[in-house]
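Overview (structure and organization)
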Amino acid sequence: MKCPLINKRILFERGAKPRVENNKCSSRLTSFARRLFVLVFFYTVYFTNYTVFAQPVSSTELITRAKQYDGQEVIYQGEVVGEVMRRGPYAWVNVHDGANAIGVWAGLSLIQDITYAGAYQVRGDIIEVAGVFHRACLEHGGDLDIHAANVTLKERGKKSLDSFDSGEVATAVLLLGVLVLIWILNQLRGK
Amino acid sequence: MILKPQLKDAKIIGYYLGKVILGLAFTMLLPALLAVAKAEIGPALDFFTSFEISLILGLLLTWACFVEVELNWMQGMIVVSLSWLVAMALGAIPLYLSGHWKSFLDACFDSMSGFATTGLTLAQDLDHLSFAHNLWRHLIMFIGGQGIVIIAISFFVKGFSGAFKMYVGEARDEKILPNVLQTSRFIWLVSITYLVLGTLALGAAGISGGMRPFNAFFHGACVFMAAFDTGGFAPQSQNILYYHSMIFEIITVAIMVLGAINFKLHYHIWMGNRKEIIRNIEMVTLFITIGATFLITAAGLAQANVYPGAVALFRKGFYQLISGHTGTGFQTIYAAQFNLEWSHLALTGVISAMALGGAVCSTTGAIKMLRVGIIFKALAEDIKRIILPEKAIVVQKFHHIKTMFLDDKQVRAALFITLAYIALYGLGTLVGVYYGYPFLNSLFESTSAAANVGLSCGITQAGMPAALKVTYIFQMWAGRLEFMSVFTLIGFFIAVVKGK
């Protein structure tokens, strides 16, 4: 039996389950699917004004070309800074890409992997956010933000040990000596 | 004939300058203690080193220039203007040592911006700055807002007469209480009372917004200091946008307005004279100018269709406007958005608000409400003179704590300072345009610097020309001191060179 739709042969044999056999026309299906995909893609781009930006977009790009990206799904990558601020089933995560930090509004289930937020002596987790960018979010009082649909941990952050510069220590000790000297001179002058 | 200053003048100035430096040195111990408590070893050393340098300089000056003479007016003014320059340099040391500022000039820029309660910043990687350095950035706003020499007056200066001359030199021409020492202490009492209340309110808002308690109260204290002293620094690079909280924004608006009110009015409100709020010329002028400039801004935003609804328009438009009018400089939008999204009309509204400022004897900069009110009263008087018969006697009154007759001397003084501010706004604009920035952006940034506001449309960056940084530092300094002590210092140097 020949299936007219998918252009594949289905074999029915007694005592066995029906099985599908690709016929020589299967390459036609691939070609048809490709054409269909191209058509759908161009229709999406030209007629629905909805774009998915597959490459991460920088914060500078988002801020300076906000009107172009408004309402689009974008991918944004950066370091989590400050702290994750929970608001009910959602949270605000501020993500800094080296130029600016942008607020990401994400469901708690999406941000469970976040452990470190950037602060003094702490490098925050690097995350990749896929979500809808808002130039002036109606839900959040006109904030420029991203509503996350997916958050991926790209690199785990870490804490580092505090240290001090040996030159600065030497300067501090020297200045302490000067202070003691001034105090001694003052005492002598007083006498 | 210009008289050449004598060595005695230099000694008196040096002695009082030393006192101010000593006061400043001890304030550095606060962030040093926080650094120790938070185990921030590097920052603790930064502040200890800065404390030592300041203490040595202060001690050397007070001992080398020891005098038991009261300051005269000229000396008092010079002590004030020099104190602010020395405070800028000393306050910049811990900032520079942190490694978050690209050069010492950048650290000086932020230090002056902090002391002058401006809020423009050249800090790098602010989100990784230590607690101690962040406290210092906000503490210098608290110190500068009250007045650097107020610390010295409150704790180190014995003579009332000399103290009053320094107090006036710091752009505080109104005594709240008969004695200047009591006035200084009252200013501290008001500020510290509000500091406690404001920190609690902002801390609670932070906790309800999902922040950890320590962070919430630390941010609360920092943001309070920046809001009440109409400064504009914030602990994170996104400024107030970081919190994504309407409650936080409402509380900061209330604190900014409190900071923009005359300390004398605070005193009368504290004493139960609440009617003064609606009768005082400064408050009336403030309400009118806020309303007028907001109308311009809102019209500009609506015209350009910047925000998707009335709530967003009000929340963004009013916040940036009130922040500009009170001279604070908090932002809930990115600097580039001013440039790219806000229309010229909306920017004009904000620039006008920044140029006008808050009340005299408050922590704000700019022309200030009393002067604006007086100028309008004088204008009204002149119009009446034209309309009424020639023989009619026209008098104009205004109410500022008490009802007074408007006289020409007051009008002349108000116009003189207003013209000086306009010239200062123009100076920064010219330098900005010279370096290739668009006119409106240059005017915006220049007004923000000279009026000690801190809103930025993106010009203030570490990469901007050094001459523009120096211009803005000068504007912040001259704008905060309201010119008189700066003119006196310039006159002093002219007398040194040309005097006989």
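Bear in mind the structure is a predicted one, so any value in this text is a computation, not a measurement.

1. Considerations on the overall build of chain A
What chain A contains, in helices and strands, is four helices and 10 strands. Along the chain direction, N to C, the helices and strands of chain A fall in the order β-β-α-β-α-α-β-β-β-β-β-β-β-α. Considering only intrachain contacts with a sequence separation of at least 6, the fraction spanning at least 24 residues in chain A is 47%. Summing over all exposed atoms, chain A offers an accessible surface of approximately 11900 Å²; the carbon and sulfur share of this is 59%.

2. Section: the pattern of salt bridges
Residue and element names in this part refer to chain B. Counted under the stated rule, the structure contains 13 salt bridges over all chains. Between Arg-315 and Glu-249 there is a salt bridge, and its shortest N-O distance comes to 2.9 Å. Taken as a pair, Arg-315 in helix 15 (residues 310-325) and Glu-249 in helix 11 (residues 246-259) lie far apart in primary sequence, 66 residues in all. The two residues Arg-315 and Glu-249 agree in class, both being buried. We note a salt bridge from Asp-382 to Arg-385, for which the minimum N-O separation is 3.9 Å. Residue Asp-382 and its partner Arg-385 are both found in helix 18 (residues 369-387); the two are separated by three residues, about one turn of the helix. In this structure Arg-385 comes out as partly exposed when scored by relative accessible area, which is 45%. Where salt bridges share partners, they join Lys-368, Arg-371 and Glu-482 into one cluster.

3. Re the pairing of strand 1 (residues 397-400) of chain B
Residues and elements named next belong to chain B. Relative to strand 2 (residues 402-405), strand 1 runs antiparallel, the two sharing four bridges. Each residue of the ladder has a partner; that of Lys-397, found in strand 2, is Phe-405. Where strand 1 folds back onto strand 2 in an antiparallel hairpin, the turn is made up of one residue, including Ile-401, whose phi is positive at roughly 70 degrees.

4. Thoughts on the interface of chain A and chain B
By a widespread convention, an interface's size corresponds to the accessible area lost as its parts come together. Each partner contributes residues to the interface: chain A has 45 residues there, and chain B has 47 residues. Both sides of the chain A and chain B interface together cover about 3900 Å² of buried area, and 59% of this is carbon and sulfur. When the area that chain A buries against chain B is broken down by residue, the three leading residues are Glu-83, Tyr-120 and Glu-168 of chain A, summing to 17%. Here chain A and chain B share three salt bridges between them. A salt bridge links Arg-212 of chain B to Glu-83 of chain A, with the nearest nitrogen and oxygen atoms 3.9 Å apart. Joining chain A to chain B, the criterion identifies 19 residue pairs in polar contact (both at pLDDT 80 or more). Secondary-structure elements contributing two or more residues to the side of chain A that touches chain B are helix 2 (59-64), strand 4 (73-87), strand 5 (90-96), strand 6 (101-107), strand 8 (126-137), strand 9 (143-155) and helix 4 (166-190) of chain A. Of all the elements, helix 4 of chain A adds the most residues to the side of chain A that touches chain B, at 11 residues.

5. Observations concerning the packing of aromatic side chains
All names here are of chain B. Counted under the stated rule, the structure contains 31 aromatic pairs over all chains. Seen from their ring centres, Phe-314 and Phe-318 are 5.0 Å apart, and the 5 degrees between their planes marks the pair as stacked. In this pair, Phe-314 and Phe-318 are both assigned in helix 15, four residues apart and thus about one turn of the helix distant. You can call Phe-314 partly exposed: its relative accessible area is 44%. A centroid spacing of 6.1 Å and a plane angle of 35 degrees characterise the contact between Tyr-421 and Tyr-425, whose relative ring orientation is tilted.

6. Considering a nonpolar patch on the surface
Taken together, Leu-176, Val-180, Leu-181, Trp-183, Ile-184, Leu-185 and Leu-188 of chain A together with Phe-48 of chain B make up a surface patch of nonpolar side chains, about 780 Å² in accessible area. Residue contributions to the nonpolar patch peak at seven residues, all from helix 4 of chain A. Considering the arrangement of structural elements, one finds Phe-48 of chain B in helix 3 (residues 41-64).

7. Focus on the confidence of the model for chain B
For chain B, per-residue confidence averages 91 on the pLDDT scale, and 94% of positions sit at 70 or higher. This complex was scored by the predictor with a pTM of 0.87 and an ipTM of 0.87.

8. Observations regarding helix 20 (residues 439-450) of chain B
Because an α-helix packs 3.6 residues into every turn, residues spaced three or four apart end up facing the same way. Residue and element names in this part refer to chain B. Its 12 residues place the ends of helix 20 16 Å apart at the C-alpha level, agreeing with the 16 Å of an ideal helix rising 1.5 Å per residue. Of all the 12 residues making up helix 20, 10 are buried; the element is thus mostly covered by neighbouring parts of the structure. Among the residues of helix 20, Leu-440, Asn-441, Ser-442, Phe-444, Glu-445, Ser-446, Thr-447, Ser-448, Ala-449 and Ala-450 are the ones counted as buried. Where helix 20 is buried, its residues contact helix 16 (335-340), helix 17 (344-356), helix 19 (408-434) and helix 21 (466-481).

9. Examining the environment of Leu-95 of chain B
Residues and elements named next belong to chain B. Checked against the element boundaries, Leu-95 lands in helix 4 (residues 73-97). Between the C-alpha atom of Leu-95 and that of His-133, which follows or precedes it by 38 residues, the distance is 6.8 Å. What Leu-95 contacts, discounting residues up to four positions off in sequence, is His-100, Trp-101, Ala-107, Asp-110, Ser-111, His-133, Trp-136 and Arg-137.

10. With respect to the side chain of Asp-229 of chain B
Residue and element names in this part refer to chain B. The topology assignment puts Asp-229 in the loop between helix 10 (213-228) and helix 11. Residue Asp-229 is classed as buried on the basis of its relative accessible area, which comes to 0%. Setting aside its immediate chain neighbours within four residues, Asp-229 contacts Thr-117, Met-141, Phe-142, Gly-145, Gln-146, Phe-224 and Thr-363.

Cut-offs applied
Residues numbered from 1 in each chain as written. Chains lettered and ligands numbered in written order. Predicted model: local features only at pLDDT ≥ 70, side-chain atom pairs only at ≥ 80, totals over all residues. Heavy atoms only, no water. Helix = DSSP H or I, 4+ residues; strand = E, 2+ residues; numbered from the N terminus. Contact = heavy atoms within 4.5 Å. Areas by Shrake-Rupley, 256 points an atom, 1.4 Å probe, with all protein chains shown as cover. Salt bridge = Lys/Arg side-chain N within 4 Å of Asp/Glu carboxyl O. Buried < 20%, exposed > 50% of the residue type's maximum accessible area, 1.4 Å probe, protein only. Pairing = 2+ DSSP bridges. Buried area = accessible area lost by both parts, 1.4 Å probe. Polar contact = N/O pair within 3.5 Å; in protein donor to acceptor, adjacent residues only side chain to side chain. Phe/Tyr/Trp six-rings, centres within 6.5 Å; stacked < 30°, edge-to-face > 60°. Patch = residues over 30% accessible without salt bridge, like charges linked within 9 Å, V, L, I, M, F, W, Y side chains within 5 Å. pLDDT = per-residue confidence, 0-100. Expected span 1.5 Å × (residues − 1).

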